[in-house]
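Residues per chain, in single letters:
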6 protein chains.
Amino acid sequence: MVNSEFEPRRPVLVGDTADVFLQRTLTILRNESINPVVTIEFSPYRSGVICGIPEVLALLAKVLPETGSEVWALEEGETVEAKEVSLRVKAPYGSVGLYETAICGILAASTAWATAARECVEAANSTPVIALGARHLHPNVAANLDYASIIGSCVSCTTIQGARLAGVTPAGNMPHALVLLMNDTVRAMEAFDRHMPQEVPRIALVDTFKDEAEEALNVAGVLKERLRGIRISTTLERGGVSPDLVKETRGRLNQAGFSHVEIMVSGGFTPEKIRQFMNAEAPVNVFGVGSYIASSPPNSFEADIHEIESRPIAKRGRIPGITSNPRLHRVM
Amino acid sequence: MVNSEFEPRRPVLVGDTADVFLQRTLTILRNESINPVVTIEFSPYRSGVICGIPEVLALLAKVLPETGSEVWALEEGETVEAKEVSLRVKAPYGSVGLYETAICGILAASTAWATAARECVEAANSTPVIALGARHLHPNVAANLDYASIIGSCVSCTTIQGARLAGVTPAGNMPHALVLLMNDTVRAMEAFDRHMPQEVPRIALVDTFKDEAEEALNVAGVLKERLRGIRISTTLERGGVSPDLVKETRGRLNQAGFSHVEIMVSGGFTPEKIRQFMNAEAPVNVFGVGSYIASSPPNSFEADIHEIESRPIAKRGRIPGITSNPRLHRVM
Amino acid sequence: MVNSEFEPRRPVLVGDTADVFLQRTLTILRNESINPVVTIEFSPYRSGVICGIPEVLALLAKVLPETGSEVWALEEGETVEAKEVSLRVKAPYGSVGLYETAICGILAASTAWATAARECVEAANSTPVIALGARHLHPNVAANLDYASIIGSCVSCTTIQGARLAGVTPAGNMPHALVLLMNDTVRAMEAFDRHMPQEVPRIALVDTFKDEAEEALNVAGVLKERLRGIRISTTLERGGVSPDLVKETRGRLNQAGFSHVEIMVSGGFTPEKIRQFMNAEAPVNVFGVGSYIASSPPNSFEADIHEIESRPIAKRGRIPGITSNPRLHRVM
Amino acid sequence: MVNSEFEPRRPVLVGDTADVFLQRTLTILRNESINPVVTIEFSPYRSGVICGIPEVLALLAKVLPETGSEVWALEEGETVEAKEVSLRVKAPYGSVGLYETAICGILAASTAWATAARECVEAANSTPVIALGARHLHPNVAANLDYASIIGSCVSCTTIQGARLAGVTPAGNMPHALVLLMNDTVRAMEAFDRHMPQEVPRIALVDTFKDEAEEALNVAGVLKERLRGIRISTTLERGGVSPDLVKETRGRLNQAGFSHVEIMVSGGFTPEKIRQFMNAEAPVNVFGVGSYIASSPPNSFEADIHEIESRPIAKRGRIPGITSNPRLHRVM
Amino acid sequence: MVNSEFEPRRPVLVGDTADVFLQRTLTILRNESINPVVTIEFSPYRSGVICGIPEVLALLAKVLPETGSEVWALEEGETVEAKEVSLRVKAPYGSVGLYETAICGILAASTAWATAARECVEAANSTPVIALGARHLHPNVAANLDYASIIGSCVSCTTIQGARLAGVTPAGNMPHALVLLMNDTVRAMEAFDRHMPQEVPRIALVDTFKDEAEEALNVAGVLKERLRGIRISTTLERGGVSPDLVKETRGRLNQAGFSHVEIMVSGGFTPEKIRQFMNAEAPVNVFGVGSYIASSPPNSFEADIHEIESRPIAKRGRIPGITSNPRLHRVM
Amino acid sequence: MVNSEFEPRRPVLVGDTADVFLQRTLTILRNESINPVVTIEFSPYRSGVICGIPEVLALLAKVLPETGSEVWALEEGETVEAKEVSLRVKAPYGSVGLYETAICGILAASTAWATAARECVEAANSTPVIALGARHLHPNVAANLDYASIIGSCVSCTTIQGARLAGVTPAGNMPHALVLLMNDTVRAMEAFDRHMPQEVPRIALVDTFKDEAEEALNVAGVLKERLRGIRISTTLERGGVSPDLVKETRGRLNQAGFSHVEIMVSGGFTPEKIRQFMNAEAPVNVFGVGSYIASSPPNSFEADIHEIESRPIAKRGRIPGITSNPRLHRVM
């Protein structure tokens, strides 16, 4: 289950991103010659879609001793309950203690992103959802965000690195910038068609200069059968995308004989807004979702020691001893 | 204003974390021999504390041509209004276009974190706040999160890398793990005292095994004047930290002659919860805040082209031409 | 104070629009030879802008005996408090009793409309408001509605009959129908300009076929200085009119040198929506308000007998005798 | 389907109640020699009970050319959905264009009134409802209001003209004025009984001077079997009508042997208040409803051109071409 | 400060109304020969008007040893803050421990009642309030309830025993029963006038059989100057008492020359309802309040040991040692 | 059905706790020689569990004449509807009139308490509930409160007098005072065990000095099989009792081999809080409820005369004559 794509970065391995008190603890214990085998259980605050397990395993594979360690985990992408043990590590404290910060962080962020993506996918029913979150978060985690979105059942994402992690083809048509630089939507789309390889679908962004329905007909009139679809991402200042706009554009395209042209929408979509479109029976072919997934607050993980040298123990508020969870399976 | 600590990572520089449609756009424009000088303005959705400018400049310094480019920006840590232009880049589109995703992402995340930190600091009035967010977010951005917390006026943070970026000393006392492994709070504190350098303050975590007030007296009775403070981070299952608990602990410490011992609290603190403690006049000496800062949804940035070769232009919903903002100053 | 424009219609005079029990009452009293002089007081349920007094006087002038009757009233257009006596009629019951239904009805409807208009005018501060309510109510009262809107301080209205009652010039530019029939906004505006007298202001409706800002520039580019203004009345399906749309259109018109072109907006405006536009500093020159005024629920009037032959009397729930109100003045 | 009772008034026919821009449009088109056959569709904003169709047809019968015009409509009194096409007119624009204001106005007002009446009737289950709205609206539309109330399933109304339009007998017993002028409820009722024809039911208003239950017994004791019912319309200042008051009056009447006397209630009844009485099992025989029906805000109608000379067309926000609606049937 | 009226009942003295675990505790301590002097502090959960101190002192005077005991308390009727120490008893535990239940109970109930009464009095501004609570609570505490109402600033109460405790004259006019048994309000009032001593004010209850305003005039017409006032306590089934009813009755009384007749109201009055009457400027002369005061939930008191033999101590959640409160003064 | 335990107190019998107007009424009627047999019906404002019937009967048995009186009542502990007649007394007014205040008061208070207790018992499903209300109300009614709690289905109560009235054994373990005076929880429990009779269950209060779970293990370790249970009543300042705390304590007790030790909880329990514990599957063995029952506002009773000498009569708002209720049965 270890994925070589998740090679841990050096600062993580040496503990530069760990809470400094963990480094201090290791120093103290070393001086006191204390290094028992402990069992640490990791569990989330809220329910969700577990994500980040392979990345954690890639880290543990670097640091745990080959013998005497055991790791159990849920399956990547499964749903998890609030407070359910999702990962259990049994290892010498000296080998694993330093990575509590990183493990909690990877799981907290990835699980939150995958859960948010799954909510969108479920709201969209069988209509595909593409993850557009990269521009909303720091580039250091853009690929992790895209990977988690795919685990949350999005069909594609926009960064090359994220798509590689998740094993999919990245998606993306054209930015407003291209239309502005070509100074015309139809000319921009003709250039796109001229220079892009055959396998890249021709999808035109139609809200830059003119009325969306008018521009959709303009582009379709030129690219005809080669046009795979249009994307509408109207600014809020101009009313945003609405079910009515999608229906009218669909209607005008169909009347003009362009019923093969698909409609992709983006711009502030949330599960709630997707459901509004579905309930209004807006004829959307693809939803693009960015900020909702990127804005999902981390689903923080607790790391609790439940055994020391197989003796049950726990801090106040926790019940000593291993917490039974038949859904865990051994992964290391 | 370029900070060498913010060396951009390779995948960012080659565009692996960019939206793939930007790479496609560059290909098309190159084939069409189009590469005008454009003016791009970046502005946030919400008001807040601007953060991430030095990191963006470190990136631009690598990619913009030395002559003919201009960059204006707000000062790191200033407050910014919703939709206020915070960064303006004038450069050949072929040099800057690919980095729209990364620039928006750095600013969106950093600004959100710094803003959340500032809210906590303002709620705490003159009581210092320490950032504990690292374990709630992916380790790839733990240092960026800590840096932004300091920009948001926290006095310290917990990761070595984050403290280095921000130019402060990292903070951190002891985890529950140390107490559990030493099997006793007093023994754990004695070991801490034995092995830690003189400059590390002695702060005991007192909620692991016993009643917090009882344990505070136990520890103080042993370390006496050497004890700098105690930390209370009681689990929610045991009622969490409350103003009443802080007051009682303070009262019992004072009655026993330990009025020099400071009280640090942590665990689910938000500006609202900090204000409740301040209003209740709870005698807190330090607040620790983690998940609130890490959970702040990104304050997404819009990147809009407002000029092409000095000619005003804009997509629908924006007003063509440079947006006046006298608070911007030239940084490159 | 009697206005000849308010000639009462025949069915009202013969009592065909009265509650039938009033006719029955008159029959009974005649048979019993009872016809005392009564004092009836009319007062509204809610506060508002009193309207309809001249129309009521035109009716009473037809039916009251020349001697022995007295009528007091508030000034048309004044504000009135809830339950404040607004009209007091002292006359033989046999002459006035039948008209209770009509008097209450005229005052209830007119006062409600004038009040709603006044709310819009106050929200708009010094920006003029035009009444567009005619198409929302039955044509039998379209003129009364328009008259009341002017009493409520609108600057103009759309029906010829209403404008005549109120003594103003009717306002109105072009419907979507004209644009659709000319098949082009610019051509429609050129025809308008060709055939309308000089004193009719040239105001173009710009949301029929194309993007509003684009079309505004098209029309201004052709009519130039002769263009007085544009009207935006975008359908809700296309996002409606918004402060941002007005600002952007204003910005693009100004950049193109058409700062003399005014902007009129219409479509679902209420005092609340007007205030949103004012607070957002949207550069609106004229507000058009229709359904809000027409939808105002009637401010029903109570008609209570307080004296019979100068003897105080009243039904349960009312206090016998004339209700003092120094704001009333004698009008007949 | 044309009803001769709905003779259109002259100002409507000559366009004095039309929006003035329609008259201007006709002038322009005449000068441009443009007069195509158009298809206009009328549809309401909200769902409801369609009303006003016969009145619109009476108008169209006066103005449309005998050949070449077509009119389809829903059945008067049917329920209609929001945005459902309720009326479709195909005619030369020059013949129909001027009447857009009047047609929308008739349908908007009448449909709103009929819908409000129907809500009351449905709340009252099988207890009959009488429309008392005349005094709450302008006398120019009192008859139209009463007609619409009957279309909305009220059993009767109070104006002679309204009852004639709807083909029912008007209802009405006695006003407070009669009691006040006779100075005694029993004497008023005796006079009523003396002078009214046999077919007018004897219904006494019992809340003018004394306790309602006491007065009901007084009147019943005198009129005995000839008393058909009593009406309670207590002012709000005296607590209004309540289920408890009806029950107690019923109980005291029955104990005194007057179980044949019906109880009618009126005064501020709404569907909600009717339901409260029904849920409380108040023994009401007739509900009178006035202001609720008269206060119903107009259900405004959109008039949209969907074809010009059989070619599909529409403004932005609408889909070009005829909107399919199998419920429409041809009426002209 | 000990009031002989508050003679404690025998079951309280022997502990039959105490929590049984207190009796068990005394047995255990006696067997263990433990009987230290303790300091117990009593404090309420909520803020309010302290009441019950004299009754508690009457109890303590019976049970505390003459020497070596100390009691401090707030002044009866003062306002007290939430958690403020209101009573402090220093005595041998064996003498005072058994009475913790009774002391808490007396203070909790009395303070709640006095506080509720004070709220009514403050709402009524300078209009007097009479306590009518007796029939809403068990007769064993009716007098205590009335006493507390007077402490809360009511001017009188209805029970003889309560008035004696509080040192006032009881108030009360006539019940509906008297009117029903005399079968007529005027006859009942005449009998009252005949048989009651001169000093009992003549106040007629006027809502039993007839309209209140009508009956008020009837009674005033007979008793004339001897009538001190009327009381209105209309049932909710008949609309309850309302500001409008009071105003109308006042108006009709004044018009008939009976401006000396006062109006007392009762029936479901709360501070909120009193404020509504005051805001509506209803001419009320006396408010009667019953269930609101009787329904006040007890303001429970905590009894905490803070010293044992002058050594600070406390259970978890309390701060050991005497709690400073300069408002306490020594009473025993 | 007369219970000798409910001996009425002298002030009640002589009318010192009655509303003084009842005494005045009796004086007047005596002077007028009026003393008819009346039928008075008592009914509550709200639905609930009827309680107080035996106490009322004990009073009536003392005052009603042996012949000619009849009393009907509901069964003690039955549910009663709002306004349902619960008690009907037919007797000479002179014998019963004075006791209206006391009868209403007994029923109002007792019914409210029994109802509140029943709500708790229903929320707790089959887990037993003990009434701890005595310290929240005046000692004069502590026994009545406890009796009513048992009628409301609590299994026990804390006062000796209340338990005697209800025919149960009082419950109660130890107060914080015992622990404080013994200065140690284990020592307090050992003394309890030494001196209490065998039949008193050994239940330790474990929240006075130390962590509850820690202390539970301490006590169980000493008393072993003799320990029946522990009680947790943690102060709110320390987080109160929570489902998590109960679960953890249960878990630690079981792990240490003390699965026989029961857990009782108390402190601010309401039906809502009990339901939260039940829903969270907290392993509670006994709930203690005090302030919720004692805080129940009285369910006031109306006393209405419905017959005088068998003639139907009633005040306004009531229907004359006996109100049929087949659930009543004759008790005297």
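For the structure itself, consult the block above.
Values in this document were obtained by computation on a predicted structure and should not be read as measured data.

Caption draft 1: Up close: the interface of chain E and chain D. Taken together, the contact between chain E and chain D spans 13 residues of the former and 13 residues of the latter. Between chain E and chain D, the buried area comes to about 1,100 Å², and carbon and sulfur atoms account for 33% of it. For chain E, the biggest contributors to the area lost against chain D are Asp-211, Glu-237 and Arg-238 of chain E; these three give 53% of the whole. Linking chain E with chain D are 8 salt bridges, by the criterion used here. Across the pair Glu-248 of chain D and Arg-238 of chain E runs a salt bridge, and its minimum N-O distance is 3.1 Å. Linking chain E with chain D are 8 residue pairs in polar contact (both at pLDDT 80 or more).

Caption draft 2: Geometry of the interface of chain D and chain C. Listed as interface residues are 90 residues of chain D and, on the opposing side, 90 residues of chain C. Summing both partners gives a buried area of about 8,100 Å² for chain D against chain C, and 59% of it is carried by carbon and sulfur. Counting the surface chain D buries against chain C, the share from its top three residues, Arg-135, Leu-181 and Arg-316 of chain D, is 12%. Our count for the chain D to chain C interface comes out at 14 salt bridges. Where Asp-19 of chain D meets Arg-135 of chain C, a salt bridge forms, and the shortest distance between an N and an O atom there is 3.0 Å. The tally of links from chain D across to chain C stands at 45 residue pairs in polar contact (both at pLDDT 80 or more). Considering every element that reaches the side of chain D that touches chain C, the biggest residue donor is helix H2 (residues 20-31) of chain D, with 10 residues. Its residues placed into classes, the side of chain D that touches chain C shows 44 nonpolar, 25 polar and 21 charged.

Caption draft 3: Quick peek at the relation of the copies chain E and chain D. If you rotate chain E by 180 degrees and push it 0.1 Å along the axis, it lands on chain D with an RMSD of 0.1 Å. Here the copies are linked by what is in effect a two-fold axis. Rotation axis and chain E: the residue whose C-alpha lies nearest the axis is Gly-239 of chain E, separated from it by 1.9 Å. When the interface residues of chain E are mapped onto chain D, 100% of them are again interface residues, pointing to one common binding face.

Caption draft 4: Representation of the packing of aromatic side chains in the model. For the structure shown, the criterion picks out 24 aromatic pairs over all chains. Ring geometry for Phe-277 of chain A against Phe-287 of chain A: centres 6.5 Å apart, planes inclined by 80 degrees, an arrangement best described as edge-to-face. Of this pair, Phe-277 of chain A sits in helix H12 (residues 271-279) while Phe-287 of chain A is found in strand E11 (residues 286-289), placing the two residues 10 residues apart along the sequence. On the basis of an interplanar angle of 65 degrees and a centroid distance of 5.1 Å, the ring pair of Phe-269 of chain C and Phe-277 of chain C is categorised as edge-to-face. Residue Phe-277 of chain C is classed as buried on the basis of its relative accessible area of 2%. Ring pairing ties together the aromatic residues Phe-269, Phe-277 and Phe-287 of chain A, which thus form one cluster. Of note, Lys-273 of chain C hangs over the ring of Phe-269 of chain C, and the distance from its end group to the ring centre comes to 4.4 Å. Over the ring of Trp-72 of chain D we find Arg-88 of chain D; its NZ or CZ atom is 5.5 Å from the centre of that ring.

Caption draft 5: Region of the structure containing the sheet that holds strand E14 (residues 329-330) of chain F. Residue and element names in this part refer to chain F. Across the sheet, which stays open at both edges, the 6 strands sit in the order E13-E12-E1-E5-E3-E14 with antiparallel pairing between neighbours. Where the open sheet ends on each side, the last strands, each with one partner, are strand E13 (311-312) and E14. Looking at chain direction, strand E3 (residues 70-73) and E14 are connected through 2 bridges and run antiparallel. From the neighbouring strand, Ala-73 faces E14, where its bridge partner is His-329.

The rules behind each value
Residues numbered from 1 in each chain as written. Chains lettered and ligands numbered in written order. Predicted model: local features only at pLDDT ≥ 70, side-chain atom pairs only at ≥ 80, totals over all residues. Heavy atoms only, no water. Contact = heavy atoms within 4.5 Å. Buried area = accessible area lost by both parts, 1.4 Å probe. Salt bridge = Lys/Arg side-chain N within 4 Å of Asp/Glu carboxyl O. Polar contact = N/O pair within 3.5 Å; in protein donor to acceptor, adjacent residues only side chain to side chain. Helix = DSSP H or I, 4+ residues; strand = E, 2+ residues; numbered from the N terminus. Nonpolar A, V, L, I, M, F, W, Y, C, P; charged D, E, K, R; others polar. Least-squares fit on C-alpha atoms with pLDDT ≥ 70 in both. Phe/Tyr/Trp six-rings, centres within 6.5 Å; stacked < 30°, edge-to-face > 60°. Buried < 20%, exposed > 50% of the residue type's maximum accessible area, 1.4 Å probe, protein only. Lys NZ or Arg CZ within 6 Å of the ring centre and 35° of its normal. Pairing = 2+ DSSP bridges.

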